[in-house]
Amino acid sequence: MNYIWSGIIIFSFVLAIFGSNVLDVLTAGLDGAAQSAEVLFSFAGIMCFWSGILKVAEESGAAGACEKLLSPVIRRLFPKVDDRRNITLNIIANILGMGNAATPAGVKAMTELDKLNGEKPHPSHEMCRFAVMNTASLQVLPTTVIGILTACGSREPFSVVPCIWISSIVSLSVALCAETFLSKRRERSWHT
């Protein structure tokens, strides 16, 4: 990937030199860098805010209440797991569209799932399912996307919400079906 980006940059400068547009290319590059820094700082603020909210929810017991609410579904999805707290925190953060704030709970949950996996050289069914659910997560309130759109000056940042609902439901459903099918197929191939 680095070669592709490097090639694009070099190609742009070569065209700029031959087209006598070097100043325009440099100006556009600097403007783009400034805009990306602004978006990055906006995104970092949103991420810090949601990480703090998630920590407060965990410490106050609100996460435990959500865990009880989601436990029938999570228990069915992860029957071999005893402590589902980090799985629940990760799912809640993803449902609320907290983006990277879901990562610490996700890493802890995957570590716990790996301990259950033992010395096996391949990930367990539960590990694969959790990775799929974390990657193709259901987002009910995509707060990070709304925050970024607001920071970039969007007049209607909530207009994307219905599209995000549809795409997240479809992607999660397809991903879980594919994971279940492929896990069963993998188990059959190991037993033969």
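In what follows, the accompanying structure is described.

How each quantity is defined
- Residues numbered from 1 in each chain as written.
- Predicted model: local features only at pLDDT ≥ 70, side-chain atom pairs only at ≥ 80, totals over all residues.
- Heavy atoms only, no water.
- Helix = DSSP H or I, 4+ residues; strand = E, 2+ residues; numbered from the N terminus.
- Expected span 1.5 Å × (residues − 1).
- Core = buried A, V, L, I, M, F, W, Y, C linked by side-chain atoms within 4.5 Å.
- Buried < 20%, exposed > 50% of the residue type's maximum accessible area, 1.4 Å probe, protein only.
- Contact = heavy atoms within 4.5 Å.
- Salt bridge = Lys/Arg side-chain N within 4 Å of Asp/Glu carboxyl O.
- Patch = residues over 30% accessible without salt bridge, like charges linked within 9 Å, V, L, I, M, F, W, Y side chains within 5 Å.
- Areas by Shrake-Rupley, 256 points an atom, 1.4 Å probe, with all protein chains shown as cover.

1. Brief notes about helix 1 (residues 2-18)
Then step 1. Along its 17 residues, helix 1 runs 24 Å from first to last C-alpha, staying within 8% of the 24 Å computed at 1.5 Å per residue.
Then step 2. Downstream of helix 1 by a residue or two, Ser20 has a phi angle that is positive, lying close to 60°.

2. Observations concerning the nonpolar core
Then step 1. The biggest cluster of nonpolar side chains holds 14 residues, and the ones touching the most others in it are Phe78, Ile87, Leu113, Phe130 and Met133.
Then step 2. Elements represented by at least two residues in this core include exactly helix 3 (62-77), helix 4 (85-95), helix 5 (103-117), helix 6 (125-135) and helix 8 (161-191).
Then step 3. When residues of this core are assigned to their parent elements, the largest contribution, four residues, is made by helix 6.
Then step 4. Setting aside residues up to four positions removed in sequence, Met133 forms contacts with Leu77, Phe78, Ile91, Leu172 and Leu176.
Then step 5. Of all hydrophobic cores here, the second largest spans ten residues; its members include Ile46, Leu89, Ala102 and Ala105.

3. A look at the environment of Val132
Then step 1. Among the secondary structure elements, Val132 is positioned in helix 6.
Then step 2. Separated by 44 residues in the primary sequence, Val132 and Leu176 place their C-alpha atoms 6.8 Å from one another.
Then step 3. Non-local contacts of Val132, meaning those with residues more than four positions away in its chain, are made with Ala175, Leu176 and Glu179.

4. Quick look at helix 4
Then step 1. In terms of burial, helix 4 is a largely internal element, nine of the eleven residues being buried.
Then step 2. Three or more residues of helix 4 are buried, namely Asn86, Ile87, Thr88, Leu89, Asn90, Ile91, Ile92, Ala93 and Asn94.

5. So, the pattern of salt bridges
Then step 1. Applying the stated rule across the entire model yields three salt bridges.
Then step 2. For Glu59, the salt bridge goes to Lys55, with nearest N and O atoms at 3.6 Å. Placement of the pair is Glu59 and Lys55 together in helix 2 (residues 22-60), with a separation of four residues, close to one helical turn.
Then step 3. Lys55 sits in the partly exposed class, given a relative accessible area of 44%.

6. Quick notes on a nonpolar patch on the surface
Then step 1. On the surface, Leu96, Leu138, Val140, Leu141, Phe158, Trp165, Ile166, Ile169, Val170 and Val174 cluster together into a nonpolar patch covering about 900 Å² of accessible area.
Then step 2. Tracing the sequence through the fold places Val170 in helix 8.

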